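One letter stands for each residue in the lines below.
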Amino acid sequence: LIWAITGLGQDTPEPQTVVVMITPTPQAVAPIEEEPDFTSSMAAALESNKVYSDTFAENSIGWPEGDGPVVRQVTDGEYQILVQVPDKAVSTVPDDLSLYNNFRYQLDATLADGQPESGYGMVFYRRNSNNYYVFAVNGLQQWSIWRLEDGQWQELRNLPDDQTWTNSDAVLPPGETNQLILEAYGGDFNLFVNGKGLGRVSDNNAPETGGLIGMYV
């Protein structure tokens, strides 16, 4: 599944460009290494196994559009999201309500402007607006992975000293494109940024039926 999407940090006039890819459910769960490497063969598999393509020439799968505190629109071959509410996390999913469990999900995103600490990335295993997962980066060249459960956020890595974001030279600064890849096998998640493996994160609370996928700003 490929989508060309745009998102935006809060209170900024310029969009960020995002591309999303999902591959079909694997027949078996492959072993996951602590520091996986993204290879050309994986890239080829993603390309050959993609199940959907959307250039945003039109809104073909029902991405939300409208004005208000969060502005969303399909325009100029992009899906643009403008968040105008400070300190507000926004998840966006299309009307296509397919549930995904074991999958690979690729997203290319550029934070064009806005607060450097603004997080942006992918939503997965979404059941409703109060229950979903997020794998994201921010403009401070950090990354994190979260579970929102009944409206309460929990960072999944149990980092010391109440840390929630991790610095990484793999994450590029605002204005440059970051490629995120998530491999989800039930409650085991392989994480990559710009071809570099960040490691594996596991969560025993992952829903067995999977969930929706989408965007986080």
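See the structure above.
Below, the structure is looked at part by part. All of these numbers come straight from a predicted model, not from anything done at the bench.

Here we come to the environment of Q141. For Q141, the location among the structural elements is in the loop between β9 (131–138) and β10 (142–149). With 27 residues separating them in the primary sequence, Q141 and S168 have C-alpha atoms 6.1 Å apart. Leave out the neighbours within four places in its chain, and Q141 touches T166, N167, S168, V171, L172 and P173.

In this section: the nonpolar core. Grouped together as the largest cluster of nonpolar side chains are 39 residues, with contacts concentrated most on F103, F124, F135, L182, F189 and L191. Not counting the four nearest positions on each side in its chain, L191 is found in contact with F135, W143, I145, I181, L182, K196, G197, L198, G199 and V201. Counting six residues, the second-largest nonpolar core is a separate cluster that includes Y132, V134, A136 and Y216.

A word on the pairing of strand β14 (residues 188–193). Extensive coverage of β14 is indicated by the burial of five of its six residues. Relative to β14, strand β13 (residues 177–185) is paired through six bridges, and the arrangement is antiparallel. By the bridge assignment for β14, L182 is matched with L191. Relative to strand β15 (residues 196–202), β14 runs antiparallel, the two sharing six bridges. Its bridge partner being in β15, D188 is matched across the sheet by S202. Between β14 and β15, which pair antiparallel and follow one another directly, the connecting turn spans two residues, one of which, N194, has a positive phi of 50 degrees.

Procedures and definitions
- Position numbers for residues count from 1 along each chain, tracking the sequence in the order it is written.
- Side-chain atom pairs in this predicted model are given and counted only at pLDDT of 80 or more, local residue features only at pLDDT of at least 70, and totals for whole chains, interfaces and linings cover all residues.
- To obtain the side-chain values, all non-hydrogen atoms of the structure were used and water was disregarded.
- To qualify as a helix, a DSSP run of H or I must reach at least 4 residues; to qualify as a strand, a run of E must reach at least 2; elements of each kind are numbered from the N terminus.
- Contacts are assigned to residue pairs that have any heavy atoms within 4.5 Å of one another.
- Joining through side-chain atoms within 4.5 Å is the link that ties buried Ala, Val, Leu, Ile, Met, Phe, Trp, Tyr and Cys residues into a set, and such a set is a nonpolar core.
- Note on classification: 1.4 Å probe, protein chains only; a residue is buried when its accessible area is under 20% of the maximum for its type, exposed when over 50%, partly exposed between these limits.
- Any two strands are treated as partners once DSSP identifies two or more bridges connecting them.

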